[in-house]
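Spelled out, the chains give:
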Amino acid sequence: MNEEIRIHSWPCSYYLDTSKQWVSGRLSLTPVAIKFTADKTGELLINFHLSGISEIKKESSNLIFSSLTILEKNTKHWFSSLQPNRNVVFNILEHFWREQLLSNQCTGAEAGALQSTKGKELTGLLAGSQKRLEDTAKVLHYQGEQFDNIMRGLNKIEGDMDVADRLLTELESPSWWPFSSKLWKAPLEAKPKETATVSDSKNQEGIIIRIPVIITHRTDSNVKPGKLTLLASGLEISDCNSQVIHRFESKDVDDIRVHTPYEISIRQRFIGKPDTSYRLLSAKMPEAIPILEMRFSKKIQFLEDALGFAGARKSPQVDLGTSIWQAATGLLGGVMQPESPVRGEGMDSEQVQLQNHEKISESEAKELKQILKKLKGLALETEAELERQDEALDSITTSVDRATLNIDKQNRRIKKLT
């Protein structure tokens, strides 16, 4: 991810301690740093890493009102006249600062374990691929359930059409026809049996990913911290206390706009009343966007600042599991046999260099083989599920066409009767 991308910037005043005066300019936030640029001179007055911050506070005194202070190492930086307001800037800065600290702690803890051998690094890489493939499988499983529900609904429609056909046949029959009473009674008794199979899948839905976010509702200037949960059946936005603010079912989402790799907006349109729209900002958003893109491929739109992020990850959905499996097996084989490095299709110079330098231990090789075995199983399951869904989609299309023809035919018969 480009560390120079600007996540947000706000007009404000900065207290320049050297000249003892306030300087107007813009406070900018990147994924890893905070910067302040003076308006008049264009000079970059401050530029420090988020990990160097000790404290972010909202402060005020007799002379300075509604100020924000950032303690960086032993220097306290004062910002005032923040627009749209101090709370918005504080919430966003604090969110990215905390997430940066958490990620630094994780990488620091992992560094000791990864220094020993490259085998550990490979294990982490493949474990991440396994997690993404499991997330994909969850989404596909839910889509399969939706297809099954559609098929059940279409079967019920066909049954109802048969009932309507019999009733129309009786209405079209002359009054002296002897089999009238049987035609009326037989189909009606089958109806009550269909009512018990509706909501099993509601309780079975799983959480695919949950990330902390900064929430803006519609065009409100106020923001508040919360969480975004991606479920197999939709999206859920909740506050810090896990109280649900809004839930979007998959069918309710009309469009998702990716403004930057860290900011998206989700909208549901209505006729005759305002749209429901939420803007979400998060340091973890790059992890959620690929899943959103897979779930809402026809509804997601990458705006100008996010186009590079979209292009960097484009790969056919069907080949996802297989490509991970092929790349992983090639990499493992090369590391275990460094004498004869073969540059595979998905291998880059870094992987070849890795092959030439280091072997992995026997225990690490066993662990890698187990992960690869799981990856291969997941890849095959994913491929099989996609094929099943393709067949289901074909049969749904056929059933819908057949039902449309039957409805047209029955409409013509009803017109004749009336």
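Provided above is the structure to which this section pertains.
About the thresholds
Residues numbered from 1 in each chain as written. Predicted model: local features only at pLDDT ≥ 70, side-chain atom pairs only at ≥ 80, totals over all residues. Heavy atoms only, no water. Pairing = 2+ DSSP bridges. Helix = DSSP H or I, 4+ residues; strand = E, 2+ residues; numbered from the N terminus. Axes fitted to C-alpha atoms, helices over the stretch in contact; angles between N-to-C directions. Contact = heavy atoms within 4.5 Å. Buried < 20%, exposed > 50% of the residue type's maximum accessible area, 1.4 Å probe, protein only. Phe/Tyr/Trp six-rings, centres within 6.5 Å; stacked < 30°, edge-to-face > 60°. Lys NZ or Arg CZ within 6 Å of the ring centre and 35° of its normal. Salt bridge = Lys/Arg side-chain N within 4 Å of Asp/Glu carboxyl O. Polar contact = N/O pair within 3.5 Å; in protein donor to acceptor, adjacent residues only side chain to side chain.

Asker: I would appreciate a short explanation of the sheet that holds strand E12 (residues 255-260) in the present structure.
Answerer: Two modes of strand pairing occur in sheets, parallel and antiparallel, and in both the strands are linked by backbone hydrogen bonds. Judged by pairing direction, the sheet is mixed, and its eight strands sit side by side in the order E11-E10-E9-E8-E14-E13-E12-E15 without closing on themselves. Edge positions in the open sheet fall to strand E11 (244-249) and strand E15 (300-302), since each of these has one partner strand only. With direction set aside, neighbouring strand axes in the sheet form an average angle of 30°. Relative to strand E14 (residues 276-281), strand E13 (residues 263-268) runs antiparallel, the two being bridged by six bridges. Of the residues in E14, the one forming a bridge with Gln268 is Thr276. Packed onto the sheet, helix H4 (residues 285-295) meets strand E8 (207-217), strand E9 (224-231), strand E10 (234-239), E12, E13, E14 and E15 and runs at close to 105° relative to E8.

Asker: Sorry if this is basic, but what is going on with H4 here?
Answerer: For an α-helix, 3.6 residues make a turn, and residues three or four places apart therefore share a direction. Counting buried positions over the 11 residues of H4 gives nine, a clear majority of the element. Every buried residue of H4 is listed here: Met285, Pro286, Ala288, Ile289, Ile291, Leu292, Glu293, Met294 and Arg295.

Asker: Teacher, can you tell me more about the packing of aromatic side chains here?
Answerer: A ring pair, where both rings are aromatic, is described by two values, the distance of the centres and the angle of the planes. Counted by the stated rule, this structure contains six aromatic pairs. Between the aromatic rings of Tyr14 and Phe36, the centroid separation amounts to 5.2 Å while the plane-to-plane angle is 40°, which identifies the pairing as tilted. With Tyr14 in strand E1 (residues 8-16) and Phe36 in strand E3 (residues 33-38), this pair connects stretches of sequence that are 22 residues apart. The exposure classification of Tyr14 matches that of Phe36, with both residues buried. In this structure an aromatic cluster arises from ring pairing among Tyr14, Phe36 and Phe79. Taking the ring centre of Phe270 as reference, the NZ or CZ of Lys273 above it sits at 4.5 Å. In this arrangement the basic side chain of Arg295 is found over the ring face of Phe296, its NZ or CZ atom lying 5.4 Å from the centre.

Asker: Where do I start with the sheet that holds strand E7 (residues 75-80) in this structure?
Answerer: With antiparallel pairing, the seven strands of this open sheet are ordered in space as E4-E3-E2-E1-E7-E6-E5. Looking at the sheet topology across the chains shown, the edges are occupied by strand E4 (44-49) and strand E5 (53-59). Across the sheet, the mean angle from the axis of one strand to that of its neighbour is 30°, orientation sign disregarded. Pairing of E3 with E4, which is carried by five bridges, proceeds in the antiparallel orientation. Bridge pairing in E4 places Lys35 opposite Asn47.

Asker: Looking at this structure, how should I read the pattern of salt bridges?
Answerer: Two side chains carrying opposite charge are able to pair once their charged atoms lie near each other. Within this structure, the stated rule accounts for 11 salt bridges. Between Asp255 and Arg267 there is a salt bridge; the shortest N-O distance is 2.6 Å. With Asp255 in strand E12 and Arg267 in strand E13, this residue pair connects regions lying 12 residues apart in the sequence. Where salt bridges share partners, they join Asp255, Arg267, Arg269 and Asp275 into one cluster.

Asker: Teacher, can you tell me more about unusual backbone geometry here?
Answerer: Residues other than glycine predominantly adopt negative phi, and peptide bonds predominantly adopt the trans conformation. A cis amide bond, omega 5°, links Gln83 with the succeeding residue Pro84. Structurally, Pro84 can be placed in the loop between E7 and helix H1 (86-115). Despite not being glycine, Lys73 has its phi angle at roughly 55°, a positive value. Mapping Lys73 onto the fold places it in the loop between strand E6 (67-72) and E7. Here Lys73 falls in the exposed class, since its relative accessible area comes to 61%. With a phi close to 50°, Ser81 is a non-glycine residue in the positive phi region.

Asker: In this structure, what is going on with the environment of Glu236? I would like to understand it.
Answerer: With respect to the helices and strands, Glu236 occurs in strand E10. Assessed through its relative accessible area of 17%, Glu236 is described here as buried. Placed 13 residues apart in sequence, Glu236 and Glu249 show a C-alpha to C-alpha distance of 8.5 Å. For Glu236, the residues in contact, after removing those within four places along its chain, are Lys227, Leu228, Thr229, Leu231, Val244, His246 and Arg247. A distance of 3.1 Å separates the side chain of Glu236 from the side chain of Arg247, its partner in a polar contact.

Asker: Teacher, can you tell me more about the pairing of E10 here?
Answerer: With respect to burial, E10 is a largely interior element, six of its six residues being buried. With burial as the criterion, each face of E10 is covered, one bearing Gly234, Glu236 and Ser238 and the other bearing Leu235, Ile237 and Asp239. Of the pairings in the sheet, the one linking E9 to E10 comprises six bridges and is antiparallel in character. Of the residues in E10, the one forming a bridge with Gly226 is Asp239. With antiparallel pairing between neighbouring strands as the criterion, E9 and E10 make up a hairpin whose turn holds two residues.

Asker: Sorry if this is basic, but what is going on with the side chain of His259 here?
Answerer: Note on placement: His259 falls in strand E12. Judged by its relative accessible area of 14%, His259 is buried. Polar contacts involving the side chain of His259 include one to the side chain of Ser265, which spans 2.9 Å.

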